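Commentary on secondary and tertiary structure
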Amino acid sequence: MTETSTAAEAEDFLQVEDLRVNFRTLDGVVRAVDGITFGVRRGQTLGIVGESGSGKSVSSMAIMGLHDLHRTEITGRITVGGREIVGCPEEEVRKLRGRTMAMIFQDPLSALHPYYTVGRQIVEAYRIHHPGEPKKVARTRAIEMLDRVGIPRPDKRIDSYPHEFSGGMRQRAMIAMALVNDPDLLIADEPTTALDVTVQAQILDLLEDLQREFNSAVIIITHDLGVISQVADDVLVMYAGRAVEKGTVEQVLRRPQHPYTWGLLNSVPSLHGDAEADLVPIKGSPPSLVNRPSGCAFHPRCPYAGQNGDRSFTDVPELLPVLDDAGHSVACHLPADRRREIYQRDIAEAGVAL
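This is a predicted model, so every value here is computed, not measured. Note that residues are indexed from 1 along each chain, following the sequence as it is written. Only residues with pLDDT of at least 70 get local features here, since the model is predicted, and only at 80 or more are side-chain atom pairs given and counted; chain-wide, interface and lining totals rely on the full set of residues. To obtain the side-chain values, all non-hydrogen atoms of the structure were used and water was disregarded.

**Considering the overall build of the chain**
Test applied: Helix and strand assignments come from DSSP, with helices taken as H or I runs of at least 4 residues and strands as E runs of at least 2, each series counted from the N terminus. It is over C-alpha atoms that the radius of gyration is taken, and the globule rule equals 2.2 Å times the number of residues to the power 0.38. Each residue is placed in one exposure class: buried if its accessible area under a 1.4 Å probe, protein chains only, is under 20% of its type's maximum, exposed if it is over 50%, and partly exposed if it falls in between. In this description, accessible areas are obtained by the Shrake-Rupley approach with a 1.4 Å probe, and a residue is regarded as covered only by the protein chains that are shown.
Helix and strand content of the chain: 14 helices and 13 strands. The globule rule puts the C-alpha radius of gyration for 354 residues at 20 Å, and the 21 Å found for the chain is close to it. The principal-axis extent of the C-alpha atoms belonging to the chain is close to 70 × 50 × 50 Å. Each of the 354 residues in the chain was classed as buried or not, and the buried ones make up 50%. Just so you have it, the chain exposes about 16,900 Å², and 51% of that area is on carbon and sulfur atoms.

**Details of the sheet that holds strand β3 (residues 45-49)**
Note the threshold: A pair of strands is labelled paired if DSSP reports no fewer than 2 bridges between them. Pairs of residues are marked as contacts when any of their non-hydrogen atoms sit within 4.5 Å. Axis definition: a line fit to C-alpha positions, over the contact stretch in the case of helices; interaxial angles, taken between N-to-C directions, run 0 to 180 degrees.
Ordered in space as β6-β7-β8-β3-β9-β10-β13-β12, the 8 strands form an open sheet in which the pairing is mixed. The open sheet is flanked by β6 (101-104) and β12 (320-321), the only strands paired with a single partner. For strand β10 (residues 242-248) and strand β13 (residues 329-330), the ladder comprises 2 bridges, and the chain directions are antiparallel. Note on β13: the bridge partner recorded for Glu245 is Val330. The sheet strands contacting helix α8 (residues 167-179) are β6 and β7 (185-189), and the helix crosses β6 at an angle near 170 degrees.

**Side note on the packing of α8 against helix α9 (residues 197-214)**
Stated formally: Any angle from 65 to 115 degrees is called roughly perpendicular, while one under 35 is roughly parallel, one over 145 is roughly antiparallel, and all others are oblique. By definition, any crossing whose near helix is turned counterclockwise from its far helix by less than a right angle is left-handed, and any crossing with a clockwise turn is right-handed. Residues are sorted three ways: Asp, Glu, Lys and Arg are charged, Ala, Val, Leu, Ile, Met, Phe, Trp, Tyr, Cys and Pro are nonpolar, and all the rest, Gly among them, are polar.
Viewed as axis vectors pointing N to C, α8 and α9 meet at an angle of 15 degrees, and their least axial separation amounts to 10 Å. What the angle tells us is that α8 and α9 run roughly parallel. Considering how the two elements wind past one another, α8 and α9 form a crossing that is right-handed. Contacts from Gly168, Gln171, Arg172, Ile175 and Leu179 of α8 reach α9 at Val199, Gln202, Ile203, Leu206, Leu207, Leu210 and Phe214. Its residues placed into classes, the contact of α8 with α9 shows 8 nonpolar, 3 polar and 1 charged.

**Comments concerning the domain arrangement of the chain**
Rules: Just so you know, the domain bounds were taken from an automatic or database domain assignment.
According to the domain assignment, the chain contains domain 1 (112-181) and domain 2 (255-347). On a C-alpha basis, the centres of domain 1 and domain 2 stand 44 Å from each other.

**Quick notes on the packing of aromatic side chains**
What counts here: The aromatic pairing rule takes the rings of Phe, Tyr and Trp, using the six-membered ring of Trp, and pairs them if the centres are within 6.5 Å, calling planes under 30 degrees apart stacked, those over 60 edge-to-face and the rest tilted.
For the coordinates displayed, the defined rule picks out 4 aromatic pairs. Measuring from centroid to centroid gives 4.7 Å for Tyr239 and Tyr260, while their planes differ by 55 degrees, and the two rings are tilted. Here Tyr260 lies in helix α12 (residues 259-266) and Tyr239 lies in strand β9 (residues 234-239), a separation of 21 residues in the sequence. For Tyr260, a relative accessible area of 0% translates into the label buried. The buried category is assigned to Tyr239, whose relative accessible area is 4%. Three or more aromatic residues joined by ring pairs form one cluster here, namely Tyr239, Tyr260 and Phe298.

**Section: the layout of surface pockets**
Remark: the empty space left among the atoms is shown by a probe the size of a water molecule rolled over them. Selection criterion: Each cavity reported here is a set of points on a 1 Å grid over the protein atoms alone in which a 1.4 Å probe fits but cannot get out, each pocket an open set with protein on both sides within 12 Å along at least five of seven lines, and each lining residue one with an atom within 4 Å of a point. Grid points are joined across faces, edges and corners, and a volume is the space filled by probe spheres set on the points.
Roughly 540 Å³ of internal volume is contained in the largest pocket. Every residue lining the largest pocket is counted, 19 residues in all, and those nearest its centre are Arg97, Gly98, Ala125, Ile128 and Met177. Elements with a minimum of two residues in the lining of the largest pocket: β6, α5 (118-129) and α8. Here the lining of the largest pocket is built from residues that sort into 12 nonpolar, 4 polar and 3 charged. Of the pockets and cavities examined, the second largest pocket occupies roughly 290 Å³. Looking at the second largest pocket, it is lined by 18 residues, and the ones nearest its centre are Arg242, Ala243, Val316, Pro317 and Ala331. Listed by contribution, the elements that provide at least two residues to the lining of the second largest pocket are β2 (28-41) and β10.

**Describing the sheet that holds strand β5 (residues 83-84)**
Sheets are built from strands paired through backbone hydrogen bonds, the pairs being either parallel or antiparallel. One open sheet accounts for 4 strands, arranged β2-β1-β4-β5; its pairing is antiparallel. At either end of the open sheet lies a strand with only one pairing partner, and these are β2 and β5. Two elements, strand β1 (residues 12-25) and β2, share 11 bridges in a ladder whose sense is antiparallel. Bridge pairing links Val16 to Phe38 in β2. The strands touched by helix α2 (residues 56-64) within the sheet are β1, β2 and β4 (72-80), with β1 carrying the most contacts at an inclination of about 110 degrees.

**Some thoughts on α8**
An α-helical turn contains 3.6 residues, so a residue and the one three or four places further along point in the same direction. Threshold: The span one expects for a helix is its residue count, reduced by one, times 1.5 Å.
Spanning 13 residues, α8 covers 19 Å between terminal C-alpha atoms, matching the ideal 18 Å at 1.5 Å per step. For α8, the buried fraction is high: 11 of the 13 residues fall into the buried class. Those residues of α8 not exposed but buried are Gly168, Met169, Arg170, Gln171, Arg172, Ala173, Met174, Ile175, Ala176, Ala178 and Leu179.

**Quick look at the side chain of Arg97**
Selection criterion: Under this definition, polar contacts are N or O atom pairs within 3.5 Å; protein pairs additionally need one hydrogen-donor-capable and one acceptor-capable atom, and for neighbouring residues in sequence, both atoms have to be side-chain atoms.
Its place among the elements puts Arg97 in the loop between α3 (90-96) and β6. At a separation of 2.9 Å, a polar atom in the side chain of Arg97 contacts the main-chain carbonyl oxygen of Gly65. When near neighbours in sequence (up to four residues on either side) are disregarded, Arg97 contacts Met64, Gly65, Leu66, Glu90 and His129.

**Some words on the UniProt feature "domain: ABC transporter" (unreviewed entry) in the chain**
Heads up, the rule is: UniProt positions are given in the numbering used here, feature names are shortened, and annotations may be inferred rather than shown by experiment.
Per the UniProt annotation, the sites labelled "domain: ABC transporter" (unreviewed entry) are residues 14-265. Between the C-alpha atoms that bound residues 14-265 there is a distance of 28 Å. The span itself is 40% helix and 28% strand.

Listed below in structure tokens is the structure:
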């Protein structure tokens, strides 16, 4: 490998800087994403984790250019392969979508059109970016992709309708459609929701295999820390539209620094702890993004709020580096020594690390 190619792979293929996404509604402005920054290299998988309403899917749709700009305000920078997305004409973004970047949606039964065969939809996705290709060539390509994602008898199943596929098969078909044009960036939004654990493992293994084959940059969006631990290289934890912790999967899951991350870990069953221990849910509900709490948005649910004066209630915490843990950052007002003490006492000893 040349020095030039090595340097190119070291750069982030996707760069997101200070991204903010606001929706105008009758109740007020919904600040769905409020200043997040991250990057993903080719061959790397970033896991974005958080509860519903944390801004995970809204961020991914902004990257794909799927928001209705008549009611959405998007600021900041999104760069895909050196091409700026924010402010880019819709026609230019449409050319990138499907070819340079692609997305696997959460519900394949809704994303796939019920009136057309699976094969026809994959063929159309291919021909949009290869308008000169004959239908026969496109059909051959669709069969090849169905075979690659593990659909049995792809030459026959290409003419099946979505309702004739099982949930796992529909998800595989969605992956085939997303990858038919060999995209450089793949976003998977809750790709294993509603699938049983066996099919879930197969889908995750498939995504890993295809990433190695295409050397794509991949984003996995999920609320499942088990999925994150299995496939991600880096992790971004989001809460109320903001990043609260960021680092490698080892750092975030083995040495978590934010009370929200601790709460997520405490609510997940573990093979390493007491099998009889009760799961501990995070108390309360995610906040309204129209009337977000002052200070740290997590403070109404945080058992440690107020332990560093009133800052939790008045000041929005910055995402700052964790001392002695390069590349790991956290947005929390608790002093570092106090976070270590709490983690060792309440989290690590409980054996909840995945």
